Amino acid sequence: MGATERAAQDAFAQFVRHAVDAAHDEHDWSITQVAARSGVGRSTIFRWLSGDWQHHPELPKVRAFCAALDLPLGAALRALTPLTYKTSPSPEVPAATAMELLLMAVRDRFIDPRTTSAEKEHILAALHQLARRTTSRAG
């Protein structure tokens, strides 16, 4: 396992630990209750907590976990992809999945109420520039 994968496992384990602890503190939910409310199996949550997973967590499960705990999906995705913004995706993560994760993280960043107007303008400008570059090459 490379450093990128280990960093993602550690970051995601920390994210899940914080989320489970907050659910316990705020709602008195056990891991069993978090699993029941999210539809994510207890064993999966325990693997996430320990950072002991062989393959990238499945996006639908991460999405369900975040929805059940009222967490921004972007925070989970940033934990799962801590270095992919600067490096290419790992061989274990298919390119399409890595791109989907990054696009979702950008979308979540854009709709996050803590994102400033200047940051939103920067995101939009970058997306417009990429879209223009793609369409101009196609012609």
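Our structure's up above, just so we're on the same page.
Summary of the structure given here. (Residues numbered from 1 in each chain as written. Predicted model: local features only at pLDDT ≥ 70, side-chain atom pairs only at ≥ 80, totals over all residues. Heavy atoms only, no water.)

**Thoughts on helix H5 (residues 73-80)**
So, point 1. H5 sits mainly inside the fold: six of its eight residues count as buried.
So, point 2. Every buried residue of H5 is accounted for by Leu73, Gly74, Ala76, Leu77, Ala79 and Leu80. (Buried < 20%, exposed > 50% of the residue type's maximum accessible area, 1.4 Å probe, protein only. Helix = DSSP H or I, 4+ residues; strand = E, 2+ residues; numbered from the N terminus.)

**Overview of a nonpolar patch on the surface**
So, point 1. Nonpolar side chains collect at one region of the surface, where Val106, Leu124, Leu127 and Leu130 lie side by side and expose about 300 Å² of accessible area between them.
So, point 2. With respect to the element layout, Val106 can be found in helix H6 (residues 95-111).
So, point 3. Judged by its relative accessible area of 31%, Val106 falls in the partly exposed class. (Patch = residues over 30% accessible without salt bridge, like charges linked within 9 Å, V, L, I, M, F, W, Y side chains within 5 Å. Areas by Shrake-Rupley, 256 points an atom, 1.4 Å probe, with all protein chains shown as cover. Salt bridge = Lys/Arg side-chain N within 4 Å of Asp/Glu carboxyl O.)

**Some points on the nonpolar core**
So, point 1. Counting 29 residues, the largest nonpolar core has Phe12, Phe15, Val16, Ile45, Trp48, Val62 and Phe65 as the members making the most contacts within it.
So, point 2. Residue assignment for this core shows that the elements contributing at least two residues are helix H1 (3-27), helix H2 (31-38), helix H3 (42-50), helix H4 (59-68), H5 and H6. (Core = buried A, V, L, I, M, F, W, Y, C linked by side-chain atoms within 4.5 Å.)

**Some points on unusual backbone geometry**
So, point 1. Here the phi dihedral of Asp28 falls at roughly 60°; this positive angle occurs in a residue that is not glycine.
So, point 2. A relative accessible area of 55% means that Asp28 is categorised as exposed.
So, point 3. The backbone of Asp70 sits at a positive phi, close to 55°, despite the residue not being glycine.

**Structural notes on the environment of Arg37**
So, point 1. Along the chain, Arg37 falls in helix H2.
So, point 2. Measuring from C-alpha to C-alpha, the distance between Arg37 and Ala64 comes to 8.8 Å, with 27 residues separating the pair along the chain.
So, point 3. The contacts of Arg37, once residues within four sequence positions are left out, are Trp29 and Ala68. (Contact = heavy atoms within 4.5 Å.)

**Examining the packing of H3 against H4**
So, point 1. Relative orientation of the contacting elements H3 and H4 amounts to 90°, with a least axis distance of 12 Å. Relative to H4, the element H3 is oriented roughly perpendicular. Residues Thr44, Ile45 and Trp48 of H3 pack against Lys61, Val62 and Phe65 of H4.
So, point 2. Class assignment for the residues of the contact of H3 with H4 results in four nonpolar, one polar and one charged. (Axes fitted to C-alpha atoms, helices over the stretch in contact; angles between N-to-C directions. Parallel < 35°, antiparallel > 145°, perpendicular 65-115°, else oblique. Nonpolar A, V, L, I, M, F, W, Y, C, P; charged D, E, K, R; others polar.)

**Quick look at the environment of Arg63**
So, point 1. Tracing the backbone through its elements, the reader meets Arg63 in helix H4.
So, point 2. Judged by relative accessible area, which is 38%, Arg63 ranks as partly exposed.
So, point 3. Considering only alpha carbons, one finds Arg63 and Ala76, 13 residues apart in sequence, at a separation of 8.6 Å.
So, point 4. Those residues in contact with Arg63, other than ones at most four positions away along the chain, are Leu73, Glu100 and Met104.

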